[in-house]
Amino acid sequence: MTSPVIDAYNDIRASVRRIADPVADCETIVLNPDAPPDSVEAKPPYRLKDLYSNIDRYRTIAVDRWHSREVMQDEWEKLWTDTWLMAGRVQDCAEAGDWFKFDLAAESIIVVRGKDDVIRAFYNACTHRGNRLVRDDWGKHFKCFTCSFHSWMYSTEGRNVRVTDRETFAPEVLKDDIHLREVHTRTFGGFVFVNMADKPQPFEDYFRDVLPWWEKYGMENWHVVRDLTCVLPANWKLAMDAFQETYHVHQVHPQAIPLSQDYLCQYDFYPNGHCRTLVPIAEPTPRIPADNSLNPGLSFLLTEVGIDPATFTGGRAGVRGAIQQAKRQPDNVFGLDYSNFTDNQLTDDWSVTLFPNTTFNLHPEGALVMRFRPHESDPEQCYYDVMVICPKLKSGKQLPAYMGVGPDVDISGAVRPARERLHMTELGEVLGQDTDNIPFVQLGSHSRGMRGVARYSAQEKRIQQFYAEIDQYLSGQKHRS
Ligand code: FES
Ligand SMILES: [Fe+2]
């Protein structure tokens, strides 16, 4: 089956050629060799082979890990219940009594701000017979949670404050803890993270190498402008793999290659499974013929920052610098203060994985946040969540087109958008392109033709790290509780 969205760019795809100066090991690429060691764009000191002595084994993986119920159960017991998971935004529990729900496989968690202004997380299960206490995505200004079955009641701090007809229960039934069971919670960058382990790895340790540069974005002051979720007929890992490499870009997003460097990217790896790719934007791929003229993609990027391509004399080689300079101006078109960012951050896409299941495409003007949640019972389905967040931009400005936020969407932050539940055919152009192959990869992975394995190149090293880190949990090496 051929995708109509891919067919629309056949002319660009037809110009794709072999790369003249190939690099076999992408891990050796450093975009700014002059960056001081404390710069956010400096190459971190970790090499994959130092982080994982067995990393070479992950050039192939057994595809049954995308099908197996045993693996799914193992992941629940050793991975999901032992890692820091991005549950949602602080914005959704901004005031006392505000809460949101975070579902993960068959589990459900309520994140709520108590009257004491503390954000806590609890299992979303009434301690009487287990009824889900909340079913909506979020709620505002709750005084308490009342179970819809027999009206047991819990405070926003998780205390049981009413056992209806208490006298009818034998005392020993109620002597154990009947308060809501708490889950560890931390906030950072405006996100709430939860960890179900009894004794979790300390949050600061888990994200140690990411937090110092991640915090520069100031995402605690950003707001949600789009929020959607979609069921994908694929294992959560297979789906997430598609967002952890740029190898697919020339084929899947041909419209992007005249304006983005999909090959000479910087691949950075950190302990605990986190990683990032720094993808230069406003610089065409080496896969298409080069001269110093502008192409429509580069012209579009110039226009976005208020430069008229018709009068621009810098040629193709001057586009990146011109965009960076334009954003440095105090009266820049986005109305943002870019002083926290390096020049390269002003143009580039920073594609980040926070292990185990969240990816970010970070830009000073906004972030595309994607999360992959396992299905409650079927290893061959998952939930794909997409959230777009951004700072307050000058009125009338738009987010980068690939984020799928159209001109009709209010990005001012005045309104918190409802969560859209979409079919995968409704995801818009770029996310539609990204997800188009995923069901067919899941199907094809069952084929005898695969001989049981998938194969990964150096451009897919983030995926190799992903499976190596997962296996550290599944093997017990990292399992804590
Ligand atoms: S299940 Fe909640 S009160 Fe009975
Ligand atoms: Fe993509």
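You'll find the structure just up there.
Residues numbered from 1 in each chain as written. Chains lettered and ligands numbered in written order. Predicted model: local features only at pLDDT ≥ 70, side-chain atom pairs only at ≥ 80, totals over all residues. Heavy atoms only, no water.

Peer 1: I keep staring at the coordination of the iron ion (ligand 2) and nothing clicks. Help me out?
Peer 2: For a metal with four tetrahedral donors the ideal donor-metal-donor angle is 109.5 degrees, while six octahedral donors give ideal angles of 90 or 180 degrees. Listed as protein donors to the iron ion (ligand 2) are His-248 (NE2), His-253 (NE2) and Asp-434 (OD); their distances from the metal cover 1.9 to 2.1 Å. Mapped onto the polypeptide sequence, the residues donating to the iron ion (ligand 2) form the spacing pattern H-x4-H-x180-D. Note that His-248 is positioned in the loop between α8 (236-241) and α9 (249-252) and Asp-434 in helix α13 (residues 429-436), a separation of 186 residues in sequence. (Donors = N, O, S within 2.8 Å, 3.2 Å for Na, K, Ca; no water. Helix = DSSP H or I, 4+ residues; strand = E, 2+ residues; numbered from the N terminus.)

Peer 1: How should I be thinking about the packing of helix α10 (residues 296-304) against helix α11 (residues 319-328) in this particular structure?
Peer 2: With their axes 9 Å apart at the nearest point, α10 and α11 run at an angle of 15° to one another. The angle between α10 and α11 falls in the class roughly parallel. Here α10 and α11 pass one another in a crossing that is left-handed. Judged by residue contacts, Leu-298, Leu-301 and Leu-302 of α10 engage Val-319, Ala-322 and Ile-323 from α11. Classifying every residue of the contact of α10 with α11 gives six nonpolar, no polar and no charged. (Axes fitted to C-alpha atoms, helices over the stretch in contact; angles between N-to-C directions. Parallel < 35°, antiparallel > 145°, perpendicular 65-115°, else oblique. Left-handed = near helix turned anticlockwise from the far one by under 90°. Contact = heavy atoms within 4.5 Å. Nonpolar A, V, L, I, M, F, W, Y, C, P; charged D, E, K, R; others polar.)

Peer 1: What exactly am I supposed to notice about unusual backbone geometry here?
Peer 2: A negative phi angle characterises most non-glycine residues, just as the trans form characterises most peptide bonds. At the junction of Phe-355 and Pro-356, the peptide bond is cis and its omega measures out at 10° in the coordinates. You can see Pro-356 is positioned in the loop between β15 (349-354) and β16 (358-363). Its identity as a non-glycine residue notwithstanding, Ser-151 has a phi of 65°, on the positive side. With a relative accessible area of 22%, Ser-151 lands in the partly exposed category. Phi at Ala-282 takes a positive value of approximately 70°, unusual for a residue other than glycine. Tracing the backbone through its elements, the reader meets Ala-282 in the loop between β14 (275-279) and α10. (Buried < 20%, exposed > 50% of the residue type's maximum accessible area, 1.4 Å probe, protein only.)

Peer 1: Help me understand the pattern of salt bridges, please; the structure alone is not making it clear to me.
Peer 2: Here the idea is simple: oppositely charged side chains can pair when their charged atoms come close. Within this structure, the stated rule accounts for 32 salt bridges. Salt bridges sharing common partners tie together Asp-92, Asp-137, Asp-227, Arg-416, Arg-419 and Arg-421. (Salt bridge = Lys/Arg side-chain N within 4 Å of Asp/Glu carboxyl O.)

Peer 1: Got a minute to help me understand the nonpolar core in this structure?
Peer 2: A general trend in soluble globular proteins is that nonpolar side chains are found buried together. Judged by nonpolar contacts, the single largest core of 117 residues is most densely connected at Val-111, Phe-193, Trp-214, Leu-362 and Tyr-384. When neighbours within four sequence positions are excluded, Phe-193 is seen to be in contact with Trp-84, Leu-85, Met-86, Ala-87, His-184, Thr-185, Arg-186, Phe-188, Phe-203, Phe-207, Trp-214 and Leu-354. By size, the runner-up hydrophobic cluster in this structure holds 15 residues, among which are Leu-133, Val-134, Phe-145 and Trp-152. (Core = buried A, V, L, I, M, F, W, Y, C linked by side-chain atoms within 4.5 Å.)

Peer 1: What is the right way to read the pairing of β15 from this model?
Peer 2: A regular strand carries its side chains on alternate faces of the sheet. Within β15, six of the six residues are buried, which leaves it mostly tucked inside the rest of the structure. As defined by bridge partners, β14 adjoins β15 across five bridges and the pair is classed as antiparallel. The partner of Leu-278 across the bridge, within β15, is Trp-350. When β15 meets β16, the two strands line up antiparallel, connected through five bridges. Along β16, the bridge assignment pairs Leu-354 with Thr-358. The antiparallel hairpin formed by β15 and β16 contains three residues in its connecting segment. (Pairing = 2+ DSSP bridges.)

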